[in-house]
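Here is what each chain is made of, one letter per residue.
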Amino acid sequence: MAGLGAKKVGQIASFGGKGVGQLLAAAAVALLIRLFSGPGPALPPEDDEPGRPGAGGGGGDGVDGGEPPGGEAPADGGVVRPVTIRWRSITCSLSDKSSGSVRFLLNNLSGEAKPGRLLAIMGPSGLLEFNGQPRANKPYKFAYIRQDDLFFSQLTVRETLSLAAELQLPGVFSVDEREKYVNNLLFKLGLVSCAETRVGDAKVRGISGGEKKRLSLACELIASPSVIFADEPTTGLDAFQAEKVMETLRQLAEDGHTVICSIHQPRGSVYYKFDDILLLAEGALVYSGPARDEPLAYFSKFGYSCPDHVNPAEFLADLISIDYSSAESVYSSHKRIDGLVESFSQQSSEILYTTPLTRREIYKNGKTLDKRAAARNKGGWWRQFWLLLKRAWLQASRDGPTNKVRANMSIASAIIFGSVFWRMGRSQTSIQDRMGLLQVAAINTAMAALTKTVGVFPKERAIVDRERAKGSYALGPYLLSKLLAEIPIGAAFPLMFGALLYPMARLHPNLCRFGKFCGVVTVESFAASAMGLTVGAMVPTTEAAMALGPSLMTVFIVFGGYYVNADNTPIIFRWIPRVSLIRWAFQGLCINEFSGLKFEHEHSFDIQTGEQALERLSFGGSRIRDTVIAQSRILLFWYYTTYVLLKKNKPKYQQLEYQPLHQSFPQPEASGLKNTKENLQLEAPPSNEVKLNQQFESPALDQIQPFILEGAN
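Not measured: the values here are computed from a predicted model.

A. Focus on unusual backbone geometry. Positive phi, normally seen in glycine, also occurs at R292, with a value near 65 degrees. Among the secondary structure elements, R292 is positioned in the loop between β10 (284-290) and α7 (293-300). Residue classification places R292 among the partly exposed residues on the basis of a relative accessible area of 31%.

B. Summary view of the side chain of H508. Tracing the chain through its elements places H508 in the loop between α15 (487-505) and α16 (511-538). At 2.9 Å, the side chain of H508 and the side chain of R513 are in polar contact.

C. Expanded view of the packing of helix α2 (residues 157-168) against helix α4 (residues 209-221). One can describe the packing of α2 onto α4 by two numbers: an axis separation of 9 Å at closest approach and a directional angle of 20 degrees. With respect to each other, α2 and α4 are oriented roughly parallel. Both α2 and α4 take part in a crossing whose hand is right-handed. Contact residues: V157, T160, L161 and Q168 in α2; L215, A218 and C219 in α4. The class makeup of the residues in the contact of α2 with α4 is five nonpolar, two polar and no charged.

D. Fine view of empty space enclosed by the protein. Within the structure shown, the criterion is met by eight cavities of 30 Å³ or more. What the largest cavity holds in volume is close to 380 Å³. Lining the largest cavity are 24 residues; nearest its centre among them are L150, F151, C219, E467 and K470. Tallying contributions element by element places α2 first for the lining of the largest cavity, with five residues. Considering only residue class, the lining of the largest cavity consists of 12 nonpolar, four polar and eight charged.

E. Here's a closer look at the nonpolar core. Grouped together as the largest cluster of nonpolar side chains are 76 residues, with contacts concentrated most on L161, L215, F274, L279 and F299. Non-local contacts of F299, meaning those with residues more than four positions away in its chain, are made with L279, V286, Y287, Y304, L316, L319 and L340.

Scoring rules and cut-offs
- Residues numbered from 1 in each chain as written.
- Predicted model: local features only at pLDDT ≥ 70, side-chain atom pairs only at ≥ 80, totals over all residues.
- Heavy atoms only, no water.
- Helix = DSSP H or I, 4+ residues; strand = E, 2+ residues; numbered from the N terminus.
- Buried < 20%, exposed > 50% of the residue type's maximum accessible area, 1.4 Å probe, protein only.
- Polar contact = N/O pair within 3.5 Å; in protein donor to acceptor, adjacent residues only side chain to side chain.
- Axes fitted to C-alpha atoms, helices over the stretch in contact; angles between N-to-C directions.
- Parallel < 35°, antiparallel > 145°, perpendicular 65-115°, else oblique.
- Left-handed = near helix turned anticlockwise from the far one by under 90°.
- Contact = heavy atoms within 4.5 Å.
- Nonpolar A, V, L, I, M, F, W, Y, C, P; charged D, E, K, R; others polar.
- 1 Å grid on protein atoms, 1.4 Å probe; cavity = no way out; pocket = protein on both sides within 12 Å on 5 of 7 lines; lining within 4 Å.
- Points joined across faces, edges and corners; volume = space filled by probe spheres on them.
- Core = buried A, V, L, I, M, F, W, Y, C linked by side-chain atoms within 4.5 Å.

As structure tokens, then:
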């Protein structure tokens, strides 16, 4: 839990995590609350007034800025509304409930990030995990670039950007304007040469790591954000690609964006692209100010000089890091860092802070903003559905390696099973063979569909969560489009399997029976895929899904009607066969195969008809239609469960609220994450557009009012 607390004029903010990314989270938390999550399209700001320069009538908070002055679509990249961010005396602590100990991750940090300048946060490596949603009445837009770059692998770079623009900026562009806008982003981010190349993944070679990072930037720049947060944007890149990415961020800063990035030990050429730098050591502030030669001159006053021909970034990283090679080195490192922290704290007391943004609840014409109407204008349900259906079809139909593997498996399985059960006759022993073949056919179909889904959906869910978080679309259109787009391809593999197996095993020789056989295994395949979606929505990783899915399927196999007769199932387990998709598929296949069959017999106790065989399986009196209806109910149940889980598992975020200075703050709690209070303000210059390298002034210190960060469970 995170809440509120006060310590003199300092403030405490509690977050999970460690390392250099924590300051970035602390600075971003008051600005990006609820930015990256939301059930539907984001809402426009309340203080954007009609006719005011830079205010778009259909603009969305954190999603799009509407149209620029004059009503022209922002084909030039949109209007950037400059924002200065400052934070004061932020402390992050993490409590261990079991031991009662408290670990301070950040300690009394202050700093600022200005438009037109690139701020780098350096310190010992750490992982930043941050997610949030914006207040609907905040008129500024923010972009957050994560370390991992996830995209739909079968879409090209141009298709990825075009679909993102259509989803995030509905109604703003015409087709020609959107194409011009996308081309502008491709040129601006250096992606023209790979525009028609598929993004790719581990299975299919696509664009490089640096190009993926720049594509992430391009997708976020669609909304023309005022502030860009980048969490270690050079992670996993080689030196050349890292420099290209940082050069892109540098250019974005020159265009007027406020760019904040955390970075760990960059190369020298990257270091000299920074305008400002903030150095952290053990959660404490060692230096904050201009980058390049200024930090070296500052530390030289204390006897720490950077040797010649040494990367300044490496020198600074070594200076503020703890050497754990021995007890003496740890002590000396702590002593050095404590001295540097104390020295800088004595020189940083005159930092000015800006005022928070004021909110306007009413337009000049006296009409209040209808948020629901604005949300509807962002794009209808059906429009989202058709766009997502197009994307889902492209992703499914172009996934050649996966489709080829599934086709080969279906053919190989059919040939193996057909060879083992080659041209079964009508003897008494063939009864057992037929039952065994139908059981393995049901198991094979279900497992093939399940493993494919659980191996893919957790990764896709991460992408969808990010897009839904930005308000690009709702959950309903996504799930429905995914279901419909995968029907043709998903049906092809069980049909391929049945077309080969049925004549090889010489099952009931009737065209109508063959059609019913293929129909039963196809419906079972869809039900297993729906189950895989639920498993993927329950667990956080692909590995966990691959472990859980087959385990659940094993239970359904045991109660699938072949190994345990339904009449002999213990009472406490009799509900399992009713929800087992294996059981209903096996039952439908048996009814289809045995009904009307006559078997050779020599004794009176031999099974003479297929109906007698069905009675021994407790399937007597059932119809194929009943089994298909049961499978359809199971399919709908799994889809509904997936929808509920994706809705319920949406992360909970802290709420940002105003609180006057004269109000007192709650005291920290004794356990859990310590209650928090932080001051973080935004400043907007009078102009709505930014000139290159434009300087911005700060208001007086006495104009400050705090934002209050309330905790969320």
